[in-house]
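# Coordinate analysis (summary)
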Amino acid sequence: KARMLRKIQICLCFCFVSGILYEISLLSSCVFNYLPMSQHYLTPEQVLNLGKSIIFLETTERLEPPPLVSCSVESAARIYQDRAVILFMKGLTNETALDLNTSYAAFSLLSSMKNVFIFPLQMETVFQETPLLQWYNQVIPEQEKNWVHVSSDASRLALIWKYGGIYMDTDVISIRPIPERSFLAAQKSRFSSNGIFGFPARHQFVWDCMENFVLKYNGNIWGNQGPFLMTRMLKTLCNLTDFEGTEDHSCQNISFLNPQRFYPIPYPAWGRYYQVWDESPNFNHSYALHLWNFMNHNRKAVVAGSNTLAEQLYKAYCPSTYEDLIQNAK
């Protein structure tokens, strides 16, 4: 009986250890290329704790990601196949998240990619243990002029500070991996964007940005908590100078990346993405392209067969989204 009991104990131990190893394998970034993820059973914390995630935010209430959002997420998932790509959506709840595949076509498209995760954005949870929580508990969203943007500015800071990784706006198309870990993206000389940035978890610069967000808060000024915040905080560390050529700058332990990396087409010329070019640019010095959707007040869209630059980018970097676009056009 003792021998039999011992065998049973060994067997139970083996099963327990095997279960733990299997769960770890699900959460290991190296498995993305070989094993479909069980997205329904992983929490945001489990995925984010892997580190190096690519994070997107949707702070409106809409539930169906438009083609540009879908393209941004898909392109990142293809470029960063060894990383989790997460789309947080404010309009989702834990209940609606269970029905993504059946309710919305874009969700089905994105969820089929094994390293893509779509989670509800729960701001109060995101702001826990950060300087932003007190601000969030005091602010009245209905009275805020730019709440969609301000809440996004705050959420991206908190998520990157807690978990590390890269934040990207949902109008950014990835074309090659970003090699830097701690970086800000120059929109132009001496001015930083907050549409793309990356840091390891618990980086002091991001914490300082959150404190300044609260200290200098003014929700009536567009960008005050976003690009202007990043720029003024970077200026406290370094004397910013103009870029020459395609070189990057370094500010203490932060890389300040050349505008060519993400903004080769500056915002005054944003409409060129929706024009036909005699010769398409190669973007050899770029890691991703920001399509300036905020400027797109007339809602110009990618039209199949139009041969615009944006259509060429869809074809090359988010082919599934492009195929879906063609099917919808038919």
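Residues numbered from 1 in each chain as written. Predicted model: local features only at pLDDT ≥ 70, side-chain atom pairs only at ≥ 80, totals over all residues. Heavy atoms only, no water.

## A look at the nonpolar core
Within the largest apolar cluster, 50 residues are counted, with the highest numbers of intra-cluster contacts made by Met-168, Ile-178, Ile-196, Phe-262, Tyr-273 and Tyr-314. The element best represented in this core is helix α3 (residues 67–79), accounting for five residues. Leaving out residues up to four positions away in the same chain, Ile-196 has contacts with Tyr-167, Met-168, Val-172, Ile-178, Phe-183, Ala-185, Phe-262 and Tyr-263. Counting residues in each nonpolar core, the second largest holds 46 residues, with Leu-48, Val-150, Leu-157 and Ile-160 among its members. (Core = buried A, V, L, I, M, F, W, Y, C linked by side-chain atoms within 4.5 Å. Buried < 20%, exposed > 50% of the residue type's maximum accessible area, 1.4 Å probe, protein only. Helix = DSSP H or I, 4+ residues; strand = E, 2+ residues; numbered from the N terminus. Contact = heavy atoms within 4.5 Å.)

## Concerning the pattern of salt bridges
A complete count under the given rule lists seven salt bridges for this structure. Across the pair Arg-62 and Glu-58 runs a salt bridge, and its minimum N-O distance is 2.9 Å. Judged by its relative accessible area of 38%, Arg-62 is partly exposed. Given a relative accessible area of 6%, Glu-58 falls into the buried group. Here Lys-90 ties to Glu-61 by a salt bridge, and the two come within 2.5 Å at their closest N and O atoms. Remark: Glu-61 occurs in the loop between β1 (54–58) and α3 and Lys-90 occurs in the loop between β2 (85–89) and α4 (94–97); sequence separation between them is 29 residues. For Lys-90, a relative accessible area of 27% puts it in the partly exposed group. Here the residues in one salt-bridge network are Asp-153, Arg-156 and Asp-169, joined through shared partners. (Salt bridge = Lys/Arg side-chain N within 4 Å of Asp/Glu carboxyl O.)

## Comments concerning helix α13 (residues 319–329)
Among all positions of α13, only Thr-321, Tyr-322 and Leu-325 are buried. Around the axis of α13, the buried residues are gathered within 100° of arc, so they sit on the same side. The inward-facing, buried residues of α13 abut α3, α6 (105–111) and α12 (309–317). (Arc of directions from axis to C-beta.)

## Structural notes on the state of the cysteines
Scanning the entire structure with this criterion turns up two disulfides. A disulfide bridge connects Cys-238 with Cys-251, and the sulfur atoms are separated by 1.9 Å. As the torsion about the S-S bond is roughly 110°, the Cys-238-Cys-251 disulfide counts as right-handed. With Cys-238 in the loop between α11 (227–235) and β8 (249–251) and Cys-251 in strand β8, the pair connects residues that are 13 residues apart, well separated along the chain. (Disulfide = S-S within 2.5 Å.)

## What to know about unusual backbone geometry
With phi around 55°, Trp-292 is a residue other than glycine that occupies positive phi space. Tracing the backbone through its elements, the reader meets Trp-292 in the loop between β10 (288–290) and α12. Here Trp-292 falls in the buried class, since its relative accessible area comes to 8%. Phi at Asn-307 is positive, roughly 65°, even though this residue is not glycine. Within the secondary structure layout, Asn-307 lies in the loop between β10 and α12. Its relative accessible area of 41% is what places Asn-307 among the partly exposed residues.

## Quick look at the environment of Leu-57
Within the secondary structure, Leu-57 sits in strand β1. Residue Leu-57 is classed as buried on the basis of its relative accessible area of 5%. For the pair Leu-57 and Thr-170, spaced 113 residues apart in the sequence, the C-alpha separation amounts to 7.0 Å.

## Here's the deal with the side chain of Ser-155
By the secondary structure assignment, Ser-155 is in helix α9 (residues 147–163). If we skip the residues at most four places from it in the chain, Ser-155 touches Leu-57, Leu-121, Met-123, Val-126 and Phe-127.

## A word on the packing of α9 against helix α10 (residues 204–215)
Packed helix pairs are specified by the crossing angle of their axes together with the interaxial distance, meaning the distance between the axes. Following both chains from N to C, one finds α9 and α10 inclined at 150°, their axes separated by 9 Å at the closest point. Accordingly, the angle class assigned to the pair α9 and α10 is roughly antiparallel. The interaxial crossing formed by α9 with α10 has left-handed handedness. Contacts between α9 and α10 involve Val-150, Asp-153, Ala-154, Leu-157, Ala-158, Ile-160 and Trp-161 from the first element and Val-206, Trp-207, Cys-209, Met-210 and Phe-213 from the second. Residue composition of the contact of α9 with α10, grouped by class: 11 nonpolar, no polar and one charged. (Axes fitted to C-alpha atoms, helices over the stretch in contact; angles between N-to-C directions. Parallel < 35°, antiparallel > 145°, perpendicular 65-115°, else oblique. Left-handed = near helix turned anticlockwise from the far one by under 90°. Nonpolar A, V, L, I, M, F, W, Y, C, P; charged D, E, K, R; others polar.)

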